[in-house]
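Listed below are the residues making up each chain.
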Amino acid sequence: CDDNEVEEDTNFDCIASAARELRRPTPTPPPEPETATLRVCKEIQGSNPGDFQPSDFTFTVTGNNPSPAQFQGDNEDGCVDVTIGPGEYTVEEEMPQQPFILVTLQEVTGDCIRSGLSRATGTIESRQTETCTFRNFSA
């Protein structure tokens, strides 16, 4: 017999010891997906800003798995936090449909860039927080 936990027995030449136990490695859980926070904010200015609330506007975010992807503006502080994966994103604003009141997108500020009449684009990195503010004018 050799030194590998085997013993001599009278009936057999060598017997393996039963003291060994087979252990399987504990599986490593997959890493948490890397995400970022995009704060989409709504501001209303002009001669009749009281005619509109942020919740009158609908926003759609496209990009790397945004959540929520579509939502109303928030009346409390004007901002909605969107969890999104790193990469490029687009935020589109849908204007409320009210006759005789003109509402125009005055500017987009923050970490995004205006791209068209009611759209903004940007790029966000993992674990980053960016703000994209849509400022409308109500006449």
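These figures come from a predicted structure and were not determined experimentally.

*Asks:* How should the state of the cysteines be read in this particular structure?
*Replies:* Among covalent bonds in proteins, the disulfide is the one between the sulfur atoms of two cysteines. Tallied over the full model, the rule gives two disulfides. Paired through a disulfide, Cys41 and Cys79 show a sulfur-sulfur distance of 2.0 Å. Taking the torsion about the sulfur-sulfur bond, which here is approximately 105°, the covalent link between Cys41 and Cys79 counts as right-handed. Remark: Cys79 occurs in strand 6 (residues 79-84) and Cys41 occurs in strand 3 (residues 36-46); sequence separation between them is 38 residues. Each member of the pair, Cys41 as well as Cys79, is classed as buried. Note that Cys112 is cross-linked by a disulfide to Cys132, the S-S spacing being 2.0 Å. Disulfide Cys112 to Cys132: torsion about the S-S bond roughly 90°, handedness right-handed. Here Cys112, found in the loop between strand 8 (103-110) and strand 9 (113-114), pairs with Cys132, found in strand 11 (residues 129-138); they are 20 residues apart in sequence, far enough to count as distant.

Parameters and conventions
- Residues numbered from 1 in each chain as written.
- Predicted model: local features only at pLDDT ≥ 70, side-chain atom pairs only at ≥ 80, totals over all residues.
- Heavy atoms only, no water.
- Disulfide = S-S within 2.5 Å.
- Helix = DSSP H or I, 4+ residues; strand = E, 2+ residues; numbered from the N terminus.
- Buried < 20%, exposed > 50% of the residue type's maximum accessible area, 1.4 Å probe, protein only.

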